[in-house]
Number of protein chains: 2
Amino acid sequence: MQVCFVASLFCRIAVPENPTHPLDAFDRAILAILQQDNTTPQRVIGERVNLSAPAVQRRIRRMEQSGVIQANVAIVDPTALGHPITIFVEVELVSETAGDIDEAKRRFLAAPEVQQCYYVTGDVDFMLVVLVPSMAAYEALTRRLFFDNANIRKFRTFVAMDRVKAGLAVPVT
Amino acid sequence: MQVCFVASLFCRIAVPENPTHPLDAFDRAILAILQQDNTTPQRVIGERVNLSAPAVQRRIRRMEQSGVIQANVAIVDPTALGHPITIFVEVELVSETAGDIDEAKRRFLAAPEVQQCYYVTGDVDFMLVVLVPSMAAYEALTRRLFFDNANIRKFRTFVAMDRVKAGLAVPVT
DNA sequence: ACTTGCCACGAAACAAACTTGCATCGAGCG
DNA sequence: CGCTCGATGCAAGTTTGTTTCGTGGCAAGT
């Protein structure tokens, strides 16, 4: 009887029904941990969210297969690899036909210095985050990416002085 | 006498290690792999870079302790967690004294919706990358972060329509 | 109300990866 | 020339991740 009580208690926690893939409180708790440190042993995760290690493992695998977890990566200090300068670039195109936009996307995607690239609304078309070893390297990059491209109307550069906060963590709440 | 010996031993241990061990080709090759997938077994890494698994393990640990590897994290799909909207914000302050800037940094740092925050040169002072569930939530955030702050001169909003490329990977070359 | 099917869980066995100790090799140096 | 230091590879030991199996609850259909 006492065992029954404990079992029902666990069940009450697990209650939320999920026909397909909605994330329940367990999944979110696991994600919150993995977003901070994905080397945390599953046993520790289980202790923290009140689940067994296999249950944690199943949920992680399901979220990886469903695409909720997109990748598991190491975050590296750019300075240590010789790319100490972070630059934001606003890019404005001349022609915004679908073809021209895709062409620009492909060009930015292919440049390894471009760490992030977003197609945005507003006065500009693209926002880029660029990593370079030096301003000379950035000058060379602008030549290659912008000046040699007739479809670039103009671009504005913002050099980062302080990386106040940098990450890809998503709020779990 | 024995105590002296022990003391000197502790001294040798306590001596701060070389601040930045230069990264050789092996380290860079390992980082290139870990930046893409840090679940890669050390044995596989060793095969790919022509090193034994323990050698790989020692190098990884050294880079973690020296700060070259800053974290090991899972990348999560923001849409799956209910934050489908990515927004870039340019923020311009009224007063740019050191104290006011630090105050702004602290404020942005404390906001979980702010995924990235850089202090930049140029016409604006800060560039933010913000994740929100809806435009209504962004409206509430602007009220909390900007309108309720007398030191914000103005801000410009760019809503992302397409996440062309998003990551924190650093070029290894 | 009972039963059936389904799904998720936990315990334990199993496999794989990580970690450590030890001997060896080569470079720098007295 | 011999020494020390650092890094490597091999092998054993330990932790971690994975699979298997049995149990119990919830929903749907008798």
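Residues numbered from 1 in each chain as written. Chains lettered and ligands numbered in written order. Predicted model: local features only at pLDDT ≥ 70, side-chain atom pairs only at ≥ 80, totals over all residues. Heavy atoms only, no water.

If you check an unreviewed UniProt entry, chain A appears there as AsnC family transcriptional regulator from Bosea psychrotolerans.

### Considerations on the interface of chain A and chain B
In plain terms, the rule: Working rule for contacts: check all heavy atoms of both residues, and any pair within 4.5 Å makes them a contact. A 1.4 Å probe defines the accessible area here, and the buried area is the portion of it lost by two parts on being joined, summed over both. Whenever Lys or Arg places a side-chain nitrogen within 4 Å of a carboxyl oxygen from Asp or Glu, that contact is recorded as a salt bridge. Any N or O atom pair separated by 3.5 Å or less is treated as a polar contact, with the protein-specific requirement of one donor-capable and one acceptor-capable atom, and with residues adjacent in sequence counted only for side-chain atom pairs.
Residue-level contacts link 64 residues of chain A with 64 residues of chain B. Of the roughly 6300 Å² buried at the junction of chain A and chain B (both faces included), carbon and sulfur atoms supply 62%. With a closest N to O distance of 2.6 Å, B:Arg156 and A:Asp123 form a salt bridge. Where chain A touches chain B, the interface holds 39 residue pairs in polar contact (both at pLDDT 80 or more).

### Some words on the relation of the copies chain A and chain B
To be explicit about the condition: When the copies are overlaid, the least-squares fit takes in C-alpha atoms only where the residue has pLDDT of at least 70 in both copies.
Here chain A sits on chain B after a turn of 180 degrees about the axis and a move of 0.0 Å along it, with an RMSD of 0.1 Å. In symmetry terms, the pair is related by a two-fold rotation axis. Of the C-alpha atoms belonging to chain A, the one lying closest to the rotation axis is found on A:Val73, 2.9 Å away. Interface overlap between copies is the fraction of interface residues in one copy that are interface residues in the other; for chain A against chain B it reaches 100%, indicating a shared surface.

### Section: the pattern of salt bridges
Heads up, the condition is: Starting at the N terminus, helices and strands are each numbered in turn, a helix being any DSSP run of H or I of at least four residues and a strand any DSSP run of E of at least two. Relative accessibility decides the category of a residue: with a 1.4 Å probe and only protein chains considered, values under 20% of the type maximum give buried, values over 50% give exposed, and everything between is partly exposed.
Summed over the entire model, instances satisfying the criterion amount to 26 salt bridges over all chains. With a closest N to O distance of 3.6 Å, A:Arg107 and A:Glu103 form a salt bridge. With a gap of four residues between them, A:Arg107 and A:Glu103 both fall in helix H5 (residues 98–110), about one helical turn apart. On the accessibility criterion, A:Arg107 (27% relative accessible area) is partly exposed. Accessibility expressed as a relative area gives 32% for A:Glu103, which makes it partly exposed. Put simply, A:Arg144 and A:Glu113 hold a salt bridge, and the shortest N to O gap is 3.1 Å. Placement of A:Arg144 in helix H6 (residues 135–147) and of A:Glu113 in the loop between H5 and strand E3 (114–120) is noted, with a sequence separation of 31 residues between them. When salt bridges with common partners are traced through the structure, they connect A:Glu90, A:Asp123, A:Arg156, B:Glu90, B:Asp123 and B:Arg156 into a single cluster.

### A few points about the packing of helix H2 (residues 25–36) of chain A against helix H4 (residues 53–66) of chain A
All names here are of chain A. The test is simple: For helices, the fitted line uses only the C-alpha atoms of the stretch in contact; every axis is such a line through C-alpha atoms, and the angle between N-to-C directions lies from 0 to 180 degrees. Relative orientations are named as follows: roughly parallel for angles under 35 degrees, roughly antiparallel for angles over 145 degrees, roughly perpendicular for angles from 65 to 115 degrees, and oblique for any other angle. Under this grouping Gly is polar, as are all residues other than the nonpolar Ala, Val, Leu, Ile, Met, Phe, Trp, Tyr, Cys and Pro and the charged Asp, Glu, Lys and Arg.
Closest axis-to-axis distance for the H2/H4 pair is 11 Å, and the angle between their directions is 80 degrees. Judged by the inter-axis angle, H2 sits roughly perpendicular to H4. Residues Phe26, Asp27, Ile30, Leu31 and Leu34 of H2 form the contact with H4, whose participating residues are Val56, Arg59, Ile60, Arg62 and Met63. Considering only residue class, the contact of H2 with H4 consists of seven nonpolar, no polar and three charged.

### Focus on the protein's contact with DNA strand C
As a reminder of what qualifies: Throughout, near means a residue has at least one heavy atom within 4 Å of the molecule or strand.
Around DNA strand C, the surrounding shell consists of A:Leu51, A:Ser52, A:Pro54, A:Ala55, A:Arg58, A:Arg59, A:Arg62, B:Pro41, B:Gln42, B:Arg43, B:Pro54 and B:Gln57. Of all DNA strand C atoms lying within 4 Å of any protein atom, the proportion belonging to sugar or phosphate reaches 67%. Between DNA strand C and B:Gln57, the relevant distance is 2.4 Å, taken from a phosphate oxygen to a side-chain nitrogen or oxygen of the residue. Among the secondary structure elements, those contributing two or more residues to the surface near DNA strand C are H4 of chain A together with helix H3 (42–49) and helix H4 (53–66) of chain B. In terms of residues, the surface near DNA strand C owes the most to one element, H4(A), which gives five residues. Here the residues of the surface near DNA strand C sort into five nonpolar, three polar and four charged.

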